[in-house]
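Chain and residue survey
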Amino acid sequence: MILRAITLVAGLAGAFGAAQFPAYSQQYLQRLGGAVDALSEVVADFDASAAAEGLSRAEALAQMRGTNFVDRRRADMIRTFDRHARLSADLAVLQGQGPFMRAYHAAHLTDAEVAQRAWQAFQPSIPVTIASGAFAGVGFGIGSLLCALLLAALRWPLRRRSLVA
């Protein structure tokens, strides 16, 4: 009886956690859009400065050498361009998608900085949408199953010992 209660609690915890995904992923998407907008400004500013000197982005980066500061700034800009490209690609995949497709494309919800900021602003809530209910059902099943498997794994050595003795 106690094991069933523990399994039920684990299922309910899984349900509540999974039901938060639609709202969290929406918050992540909003933060992702803001990050892409901010990085786009930096990229556009760099490209405009390079163009004003008659240089491409690659040529401008190649000229950024000579002192430790300029070398460091060059490395910063390369990381900025790479992050902008990665986040822009993630945004293109996720934009306009509902919660089920955002779950399907969860690999595009992995930028640590965006995720941290989304989590800081996120406030868990009681699910009231069909999507949240569906995620809650899946979470309940997964939570219950994982708990049942864990409990079975813990009991297996004990049963085996009692059979041997």
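Starting from 1, residues in each chain are numbered consecutively following that chain's sequence as written. Restriction of local features to residues with pLDDT of at least 70 applies here, the model being predicted, together with a cutoff of 80 or more for giving and counting side-chain atom pairs; totals for whole chains, interfaces and linings are based on all residues. Note that water and hydrogens are dropped before the side-chain values are worked out from all heavy atoms of the structure.

1. A word on the packing of aromatic side chains
The test is simple: The rule is short: rings of Phe, Tyr and Trp, with Trp giving its six-membered ring, pair when the centres are within 6.5 Å, and they are stacked under 30 degrees, edge-to-face over 60, tilted in between. Exposure classes here rest on a 1.4 Å probe applied to the protein chains alone. A residue is buried below 20% of its type maximum, exposed above 50%, and partly exposed in between. Charge-over-ring placement is defined geometrically: NZ (Lys) or CZ (Arg) within 6 Å of the ring centre, and within 35 degrees of the ring normal.
Counted under the stated rule, the structure contains seven aromatic pairs. Residues W119 and F122 carry aromatic rings whose centres are separated by 5.8 Å and whose planes lie at 25° to one another, so their mutual orientation is stacked. Classification of F122 as buried rests on a relative accessible area of 11%. The aromatic ring of F81 is capped on one face by R57, whose charged end is 4.1 Å from the ring centroid.

2. Things to note about the pattern of salt bridges
Here is the rule: By definition, a salt bridge exists where a carboxyl oxygen of Asp or Glu is found within 4 Å of a side-chain nitrogen of Lys or Arg. Labels follow the DSSP assignment, with helices taken as runs of H or I lasting at least four residues and strands as runs of E lasting at least two, numbered in each case from the N terminus.
Applying the stated criterion across every chain yields a total of seven salt bridges. Its salt-bridge partner being E113, residue R83 comes within 3.7 Å of it at the nearest N-O pair. Here the residue R83 occupies a position in helix 4 (residues 68-94), and E113 occupies one in helix 6 (residues 112-121), the gap between them amounting to 30 residues. A residue is classified by how much of its surface remains accessible, and E113, at 36% relative accessible area, is partly exposed. One connected set of salt bridges, linked through shared partners, spans R83, R86, D111, E113 and R117.

3. Observations concerning a nonpolar patch on the surface
Rules: Residues with no salt bridge and a relative accessible area higher than 30% make up the patches, which join like charges within 9 Å and nonpolar side chains (Val, Leu, Ile, Met, Phe, Trp, Tyr) within 5 Å. Using a 1.4 Å probe, accessible areas were evaluated by the Shrake-Rupley method; residue-level cover was limited to the displayed protein chains.
On the surface, V138, I142, L145, L146 and L149 cluster together to form a nonpolar patch covering roughly 490 Å² of accessible area. The class of I142 is partly exposed, set by a relative accessible area of 48%.

4. Quick word on the environment of F81
What counts is decided by this rule: In what follows, residue pairs with any heavy atoms lying within 4.5 Å of each other are defined as contacts.
Following the sequence through the fold, F81 ends up in helix 4. Expressed as a C-alpha distance, the spacing of F81 and C147, which sit 66 residues apart in the sequence, is 44 Å. Sequence-distant contacts of F81, defined by excluding residues within four places in its chain, comprise V43, F46, R57 and L61.

5. Examining the packing of helix 2 (residues 21-52) against helix 6
Which entries qualify depends on this criterion: Axis definition: a line fit to C-alpha positions, over the contact stretch in the case of helices; interaxial angles, taken between N-to-C directions, run 0 to 180 degrees. Roughly parallel refers to an angle under 35 degrees, roughly antiparallel to one over 145, roughly perpendicular to one between 65 and 115, and oblique to any angle outside these ranges. Less than a right angle of anticlockwise turn of the near helix away from the far helix marks a crossing as left-handed, whereas a clockwise turn marks it as right-handed. Here the nonpolar group is Ala, Val, Leu, Ile, Met, Phe, Trp, Tyr, Cys and Pro; Asp, Glu, Lys and Arg are the charged ones; every other residue, Gly included, is treated as polar.
Close contact between helix 2 and helix 6 brings their axes to 9 Å; oriented N to C, the two are set at 125°. By the angle class used here, helix 2 and helix 6 are oblique. For the element pair helix 2 and helix 6, the recorded crossing hand is right-handed. Between helix 2, through Y24, Q27, Y28, R31, L32 and A35, and helix 6, the contact on the second element is made entirely by V114, A115, R117, A118, W119 and A121. In terms of residue class, the contact of helix 2 with helix 6 is built from nine nonpolar, one polar and two charged.

6. Considering the nonpolar core
Convention followed: Here the nonpolar core consists of buried residues drawn from Ala, Val, Leu, Ile, Met, Phe, Trp, Tyr and Cys, with membership extended through side-chain atoms lying within 4.5 Å.
Y24, Y28, L32 and L87 are the most contacted members of the largest nonpolar core, which totals 17 residues. Setting aside anything within four residues of it in sequence, one finds L87 in contact with L32, A35, V36, L39 and D111. Membership of the second largest hydrophobic core comes to eight residues, among which are A50, A60, M64 and M77.

7. Observations concerning the environment of L94
Following the sequence through the fold, L94 ends up in helix 4. With relative accessibility at 0%, the residue L94 sits in the buried group. In this structure the C-alpha to C-alpha distance between L94 and Q26, which are 68 residues apart in sequence, comes to 9.7 Å. Dropping the residues within four chain positions of it, L94 is found in contact with L29, L32, R102, H105, H108 and L109.

8. Observations regarding the confidence of the model for the protein chain
For clarity, the cut-off: Scored between 0 and 100, pLDDT is the confidence that the predictor attaches to each residue.
When the pLDDT values of the protein chain are averaged, the result is 88; 93% of them are 70 or greater. Predicted confidence in the protein chain is weakest over helix 7 (residues 130-164), with a mean pLDDT of 77, and strongest over helix 4, with 96.

9. Here's the deal with the side chain of Q20
Quick note on the threshold: The definition of a polar contact used here is a pair of N or O atoms within 3.5 Å, where within protein one atom must be able to donate a hydrogen and the other to accept one, and adjacent residues in sequence count solely through side-chain atom pairs.
Take Q20: it is sitting in the loop between helix 1 (2-19) and helix 2. Looking at Q20, its side chain comes within polar contact range of the main-chain oxygen of F16, at 3.3 Å. Q20 has contacts with F122, P124 and S125, leaving out every residue within four places of it along the chain.

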